[in-house]
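Spelled out, the chains give:
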Amino acid sequence: MTDYILIQALNGLVIGIIYAVIAAGLTVIFSILRIVNFAHGEVYMMGGYFAYFAISLLGIPPMAGVVFAMAASFALSVLIERTLLTPLYSPTTERKGDYGILVTFGISIFLRNIALIVFGPYPLRPPSFLTGALILGPLIMTWDRVFDAGAAIAMLVFLLWFMHRTAWGEALNAVSQSRESAAIVGINDQLFYMLAFGLGGALAGGAGALVGPIYSLSPSMGLIPDTQAFAIVILGGMGSVMGSILAGLMIGVSESMFVALFPDPSRSLTYAQAFSLLVLMVVLLVRPTGFFGRIHTALD
Amino acid sequence: MRAVQIVLCAALGVLVLAFPGLVNAYWLSVAILAIFYAIVTASWALLVGYAGQFSFGHMAFVSLGAYTSGLLVKWFDIPIPLGMLAGVVLCAIVGSGVGFVGLRMRGPYLALFTVAFSEVLRIIFVSEVEITGGSGGLEVAPLFHTRSDAPYYYVGLVLLAGSLAAMVALVSSRWGLFFRAIRENEAAAAAAGVKVVRFRVLAFAIASSFAGLAGGFYGHFLGILTPDIGSVDQMGLVVAMAVIGGAESLPAAVIGALALEALVEALRSYGEWRLVVFGALLLLTIRFARNGLLALAWEQLARVVPVVPAPRKTA
């Protein structure tokens, strides 16, 4: 029993790191564009399918498929941003918050249903990154999960490096603190809205490509991770990448503990989905600014 | 001019009343579903368009009303109208609860909270198979045992007319003014003496009650309920109806619902493409005609036909 719980905890850690990648994408988008992106889970879903088709149609090796999925998700996000989100920056748009909610909600409905037609309702499973399992005494973990954890950590380290150690990251931070001041010092804000939305989408798409071999792909796979990512972002504080990583690990582990310890196994899986939703509701109620929220990213 | 308007209205009224005699059973049931969506869409427009509280949990209240009535009638054998009333009351109570806890949240946070609420409720309906029948569905007693669906049509018509009249009366009263004041600027409304807490909760409770009423009617008409009625995609359909018609005007939202439900059925042979078409239409409407297609069409019509009065600013 303790072995089982340990293995569940390890699995939860891996899933938590992947959640953190999704949530970090969400928080990058939020801190620059000031919108809560309801279509984030659908970009994650698209990323999974991009990887699948890159592997099965183009013959790209599975690991390179993740990079391909990130590039394709980046392109998809930039396309969405340029065609549908530009009114967010226009001074003539009334109630931008409402516009952001409605338009991203519309995008999520559109993407999910077009995926249903193009990819079909049946789950697809891309090939493993690495076959076999890592066995350490009583602990067993498939190499896929080990690879996922490593790749997700690499993505997060890259993101932190990019945000804090490069001029582009500094410019993103500047736009997130004040659009006007950033424009005064010569930062082309349009470029950085595009970059932020694309970067957020690339992270979601990369995460989708990583979970493919573990959970299979389906058009509705984005619904639950989307709310989990929201819970993580709000728990970790809107706009804080570090906060998202910590909260992602917390949610991943507590969720798999919930599944392992839920008294009625026939219901534990369906109620596991409700678990993250309940976490989200409680966090919204108790501490809407999260643990690591920055004042200037608070939403009014 | 006025005479022309009266004649047009009278002709429309006769057409609506004689509708069951003019169409086959299939289109009659489509009309009944359209009436259901019209009530739901109008009450969502009341909550979002007028009171400015973004809720994606409206279909959850529809399912709550429907399941409450269906289960009470099934297990306790109470009369159906009483069951529907119980659904409405429960939706009003839960709606005020959600509205109350939602007081702390603004815009997107409230939207997130209501999405989560709606999914949790759906998961409960799916999981508690012994009580709700799970995804397999719950059999619900029909309201009428007639061969034709015409009685449902007239009951639905009465419910729609009653709900719409109540909502229009509400939004044109002082309360409606309070709702819009809160939507535009909560702090300013509070400073002007509007009881913000009371009216935000009230808006939620009222809109949820109408959703529950529509849900009860829906359940007892179809005879079977599945948790899918509270899904995010169903919510998307209602959002599309309201936004394409015009979420800031109750009649526009109703017309949007009726038109889209007719379109749903006309596109039936295209199956899954329908939600894609509506998603695309929704995106185009939000992007290029935020007040809805109806306001846009009305403007064009008023320019060409002098009989049509110029559009009134509702927002």
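As shown above, the structure is provided for reference.
Scope of this entry: the structure provided in the associated data block. Counting restarts for each chain: residues are numbered from 1 in the order of the written sequence. Throughout, the order in which chains and ligands are written sets their labels, letters from A for the former and numbers from 1 for the latter. For a predicted model such as this one, the threshold for reporting local features is a pLDDT of at least 70, and the threshold for listing and counting side-chain atom pairs is 80 or more; totals across whole chains, interfaces and linings nevertheless cover every residue. Computation of side-chain values covers all heavy atoms of the structure but excludes hydrogens and water.

1. Some points on the overall build of chain B
Heads up, the rule is: To qualify as a helix, a DSSP run of H or I must reach at least 4 residues; to qualify as a strand, a run of E must reach at least 2; elements of each kind are numbered from the N terminus. Atoms counted for the radius of gyration: C-alpha only. Globule rule: 2.2 Å times residue count to the power 0.38. Whether a residue is buried, partly exposed or exposed follows from its accessible area with a 1.4 Å probe, protein chains only, as a fraction of its type maximum: under 20%, in between, or over 50%, in that order. Here, two residues are considered to be in contact whenever any of their heavy atoms come within 4.5 Å of each other. Counted charges follow a simple rule, with Lys and Arg positive, Asp and Glu negative, and His plus the chain ends left uncounted. The atom standing in for a charge is NZ when the residue is Lys, CZ when it is Arg, CG when it is Asp and CD when it is Glu.
A tally of regular secondary structure across chain B gives 14 helices and 2 strands. Computed over C-alpha atoms, the radius of gyration of chain B comes to 19 Å, within 12% of the 20 Å expected from 2.2 N^0.38 for 315 residues, which places it in the range of a compact globule. Dimensions of chain B, computed from C-alpha atoms along their principal axes, come out at roughly 60 × 55 × 35 Å. Split into buried and exposed, the 315 residues of chain B put 52% on the buried side. For chain B, the share of sequence-separated contacts (at least 6 apart) that also reach a separation of at least 24 residues comes to 75%. Each charge sign in chain B was given a centre, from 19 positive and 15 negative side chains, and these centres are 15 Å apart.

2. Describing the overall build of chain A
The following threshold applies: Per-residue and other accessible areas were derived by the Shrake-Rupley procedure at a 1.4 Å probe size, with only the shown protein chains allowed to occlude residues.
Secondary structure summary: chain A contains 11 helices and 2 strands in total. Along chain A, helices (α) and strands (β) appear in the sequence α-α-α-α-β-β-α-α-α-α-α-α-α when read from the amino end. Taking 2.2 N^0.38 as the reference for a compact globule, 300 residues should give roughly 19 Å; the C-alpha atoms of chain A span a radius of gyration of 19 Å, in line with that estimate. C-alpha atoms of chain A, sized along the principal axes, occupy 60 × 45 × 35 Å. Expressed as a percentage of its 300 residues, the buried residues of chain A come to 59%. Surface exposure of chain A reaches about 11,900 Å², of which carbon and sulfur atoms provide 71%. For chain A, the separation between the mean place of its 12 positive charges and that of its 14 negative charges on side chains is 3 Å.

3. A few points about a nonpolar patch on the surface
Rule in force here: Each patch is built from salt-bridge-free residues with over 30% relative accessible area, joining like charges within 9 Å and nonpolar side chains (Val, Leu, Ile, Met, Phe, Trp, Tyr) within 5 Å. Salt bridges are defined by distance alone: a side-chain nitrogen of Lys or Arg within 4 Å of a carboxyl oxygen of Asp or Glu.
Nonpolar side chains collect at one region of the surface, where Leu12, Leu15, Val16 and Leu22 of chain B lie side by side and expose about 370 Å² of accessible area between them. You can call valine 16 of chain B partly exposed: its relative accessible area is 31%.

4. Points about the nonpolar core
Put simply, the rule reads: Buried Ala, Val, Leu, Ile, Met, Phe, Trp, Tyr and Cys residues that are joined via side-chain atoms within 4.5 Å together make up what is termed a nonpolar core.
Counting 197 residues, the largest nonpolar core has Leu33, Phe38 and Leu172 of chain A together with Phe36, Trp44, Phe56 and Val239 of chain B as its most contacted members. Not counting residues within four places of it along the chain, the set of residues in contact with leucine 172 of chain A comprises Ile32, Phe162, Met163, Phe192, Leu195, Ala196 and Leu199 of chain A.

5. Here's the deal with helix H3 (residues 62-85) of chain A
Let me state the cut-off plainly: In this analysis, the expected span of each helix is defined as 1.5 Å times one less than the number of residues it contains.
Look at H3 of chain A: 33 Å from first C-alpha to last across 24 residues, which is about the 34 Å you get at 1.5 Å a residue. The complete set of buried residues in H3 of chain A reads Gly65, Val66, Ala69, Ala72, Ser73, Leu76, Ser77, Val78, Ile80, Glu81, Leu84 and Leu85 of chain A. Lining the buried residues of H3 of chain A we find helix H1 (2-33), helix H2 (40-56), helix H4 (96-119), helix H5 (143-165) and helix H8 (189-215) of chain A together with helix H13 (273-288) of chain B.

6. Quick notes on unusual backbone geometry
Despite not being glycine, arginine 34 of chain A shows a phi value in the positive range, around 60 degrees. Note on placement: arginine 34 of chain A falls in the loop between H1 and H2. Since its relative accessible area comes to 29%, arginine 34 of chain A is described here as partly exposed. The backbone phi angle of aspartate 77 of chain B is positive, close to 60 degrees, even though this residue is not glycine. Mapped onto the secondary structure, aspartate 77 of chain B falls in the loop between helix H3 (58-76) and helix H4 (80-101). Overall, aspartate 77 of chain B belongs to the exposed group, its relative accessible area being 68%.

7. Section: the side chain of serine 218 of chain A
Residues and elements named next belong to chain A. Mapped onto the fold, serine 218 is located in the loop between H8 and helix H9 (223-236). Judged by relative accessible area, which is 19%, serine 218 ranks as buried. For serine 218, the contacting residues outside a window of four places in its chain are Met45 and Tyr49.

8. Describing the environment of leucine 210 of chain A
Residue and element names in this part refer to chain A. Among the structural elements, leucine 210 can be located in helix H8. Considered as a pair, leucine 210 and serine 90 are 120 residues apart in the sequence and their alpha carbons are 36 Å apart. What leucine 210 contacts, discounting residues up to four positions off in sequence, is Ile18, Val66, Phe129, Phe147, Asp148, Ala151, Ala152 and Met155.

9. Examining the interface of chain A and chain B
How we decide: Joining two parts hides part of their accessible area as seen by a 1.4 Å probe, and the buried area is that hidden amount summed over both. Pairs of N or O atoms within 3.5 Å make up the polar contacts considered here, provided that, within protein, one atom can donate a hydrogen while the other can accept it, and that residues adjacent in sequence are counted only when both atoms are side-chain atoms.
On the chain B side, the residues contacting the 44 residues of chain A number 43 residues. By the criterion of area lost to chain B, the three top residues of chain A are Arg95, Leu102 and Phe105 of chain A, representing 15% of everything that side buries. Arginine 112 of chain A serves as the salt-bridge partner of aspartate 233 of chain B, at 2.8 Å between the closest nitrogen and oxygen. Here chain A is connected to chain B by 3 residue pairs in polar contact (both at pLDDT 80 or more). Only H3, H4, H9 and helix H11 (265-286) of chain A provide two or more residues apiece to the side of chain A that touches chain B.

10. A look at the pattern of salt bridges
This model, assessed by the stated rule, comprises 6 salt bridges over all chains. In this structure, the salt-bridge partner of arginine 112 of chain A is glutamate 42 of chain A, at a minimum N-O distance of 2.9 Å. Within this pair, whereas arginine 112 of chain A is found in helix H4, its partner glutamate 42 of chain A is found in helix H2, the two being separated by 70 residues in sequence. The same class applies to arginine 112 of chain A as to glutamate 42 of chain A, namely buried. Between arginine 82 of chain A and glutamate 81 of chain A there is a salt bridge whose closest N-O contact spans 2.9 Å. One continuous salt-bridge network, built from bridges that share partners, spans Glu42 and Arg112 of chain A together with Asp233 of chain B.

11. What about the pairing of strand S1 (residues 133-136) of chain A?
All names here are of chain A. For clarity, the cut-off: In this scheme, strands are said to pair when DSSP sees at least two bridges between them.
Where S1 and strand S2 (residues 139-142) come together, 4 bridges link them in antiparallel fashion. Residue pairing in the sheet places leucine 134 in a bridge with methionine 141 of S2. In this structure, the hairpin formed by S1 and S2 is closed by a connection of 2 residues, where glycine 137 is found at a positive phi of approximately 60 degrees.

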